[in-house]
Amino acid sequence: MSYTKLSKEVSYALRHAPWEYELELDKNGWVSIDQLLQALHQTTEWKYIEFSDLKMMIDNSEKKRHEIEGSSIRALYGHSVPMQIVKEAAIPPKFLYHGTAHNFLPSIEKSGLSPMSRQYVHLSEDIETASLVGKRKDRNPIILVIDTENARAKGTNFYLGNEKVWLADNIPSKFLEVLKNEDTL
Ligand code: HQG
C-alpha cells in the first residue's frame, strides 16, 4: 500500500474536511483513531487498513505531519477547518524562515505574512526546509527571514507545530527580510 497516499487522505480528513469522514476534532485537533479507521474502512481503497498502518504511515514519512497519542491521532499543522485549533504558544528560535514564490513578495511586503487559507502562518526552523516548502510554488523560491524576537515583543504569537515547522499569527512585514543568495553560501 502507498503510505504517501494514505497520509494525503488522513491529512485531508484531519486538516480540512473532518465532517466528510464523520469526525469531530477536539480543540487541539485530536480525533479517535477508531472513528478514523471506521470511516476509512468504508472506502474501497482503505477497506483493510489497521492501526499499525497509521503508525507506519507516520514512521515512513520524512515530514512529521501527524502524531498518535493513546487512541487518538491529530495533524500537527496545516489546518483549514472553520473551528480554530488551539496550539501551544512557545518561544521559537531567534530566527525562523519562510520559503515562498517571488510573485507573492509585493503582497507580503504590503500586508505581511498571512495564514491565507490555513489557520496559521507556517514557518521553518532552517533555510533548507524553507527552501523545500518554497519550491512547491516556485522553482527558485525566495526565503524570508523572520525576526521572531522583535515580532514577539510586538505581540505576534508563535506556536509549536513539529520540530521543523513553527506556526504563527499574521507577521507584519517590518519583521521580515528577504534572504540574499550570498547569505546562504
Ligand atoms: C503565501 C506544507 C500573498 C505564503 C509545507 C505561501 C508547509 C501570501 C502561501 C505547510 C501572503 C500559502 C504550509 C500575502 C502569505 N500575500 N501571499 N500577504 N502571506 N502568503 O501552502 O507555508 O506537505 O498555505 O508565502 O511544507 O507554503 O502539506 O502555506 O506561499 O509546512 O505537510 O501564501 O504545508 O506541508 O500557502 O505551506 P500554504 P505554506 P505538507
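Residues numbered from 1 in each chain as written. Predicted model: local features only at pLDDT ≥ 70, side-chain atom pairs only at ≥ 80, totals over all residues. Heavy atoms only, no water.

Looking at an unreviewed UniProt entry, one finds the protein named Probable RNA 2'-phosphotransferase and attributed to Listeria booriae. As recorded by UniProt, the Sequence similarities (unreviewed entry) comment attached to the protein reads in full: "Belongs to the KptA/TPT1 family." According to the UniProt record, the Function (unreviewed entry) comment for the protein reads "Removes the 2'-phosphate from RNA via an intermediate in which the phosphate is ADP-ribosylated by NAD followed by a presumed transesterification to release the RNA and generate ADP-ribose 1''-2''-cyclic phosphate (APPR>P). May function as an ADP-ribosylase." (UniProt positions renumbered as here; feature names shortened; annotations may be inferred.)

Trainee: Can you break down the overall build of the protein residue by residue, with the values?
Mentor: For the protein, the count of helices and strands is 7 helices and 9 strands. Over its C-alpha atoms the protein spans a radius of gyration of 18 Å, differing by no more than 12% from the 16 Å that the globule rule assigns to 185 residues. C-alpha atoms of the protein, sized along the principal axes, occupy 50 × 30 × 25 Å. When burial is assessed residue by residue, the protein has 45% of its 185 residues classed as buried. (Helix = DSSP H or I, 4+ residues; strand = E, 2+ residues; numbered from the N terminus. Rg over C-alpha atoms; globule rule 2.2 N^0.38 Å. Buried < 20%, exposed > 50% of the residue type's maximum accessible area, 1.4 Å probe, protein only.)

Trainee: Help me get a handle on the site of the ligand, residues and values and all.
Mentor: By nearness alone, 19 residues border the ligand, and H98, T100, S107, R118 and K137 come closest of all. Between an oxygen atom of the ligand and a side-chain N or O atom of T100, the distance comes to 2.6 Å. With respect to the ligand, the side chain of R118 contributes an N or O atom lying 2.7 Å from an oxygen atom. Here the ligand loses 89% of its free accessible area of 790 Å² to cover by the protein chains. Those elements that provide at least two residues to the shell around the ligand are β4 (95–100) and α4 (105–111). At 3 residues, the largest contribution of residues to the shell around the ligand is made by α4. For the shell around the ligand, the per-class residue count stands at 6 nonpolar, 7 polar and 6 charged. A domain split of the shell around the ligand shows at least three residues from each of domain 1 (3–75) and domain 2 (95–184). (Near = heavy atom within 4 Å. Polar contact = N/O pair within 3.5 Å; in protein donor to acceptor, adjacent residues only side chain to side chain. Areas by Shrake-Rupley, 256 points an atom, 1.4 Å probe, with all protein chains shown as cover. Nonpolar A, V, L, I, M, F, W, Y, C, P; charged D, E, K, R; others polar. Domains from an automatic or database assignment.)

Trainee: Explain the nonpolar core to me, and be specific about the residues and the numbers.
Mentor: Formed by 23 residues in total, the largest nonpolar core has its most connected members in L6, V10, L36, L40, L54 and I73. Counting residues per element, the ones that place at least two in this core are α1 (3–16), α2 (33–41), α3 (51–60) and β3 (72–75). Setting aside anything within four residues of it in sequence, one finds V10 in contact with L36, L40, L54, M57, H66 and I73. Judged by nonpolar contacts, the second largest core, of 16 residues, contains A151, A168, I171 and F175. (Core = buried A, V, L, I, M, F, W, Y, C linked by side-chain atoms within 4.5 Å. Contact = heavy atoms within 4.5 Å.)

Trainee: I'd like to hear about the pairing of strand β2 (residues 66–69), residue by residue, with values.
Mentor: Pairing of β2 with β3 involves 4 bridges; the strand directions are antiparallel. Looking at β3, one finds that I68 is bridged to I73. (Pairing = 2+ DSSP bridges.)

Trainee: An account of the side chain of T129 is needed here, citing residue identities and associated values.
Mentor: Among the secondary structure elements, T129 is positioned in helix α5 (residues 127–135). The class of T129 is buried, set by a relative accessible area of 15%. If sequence neighbours within four positions are ignored, T129 has contacts with S124 and K164.

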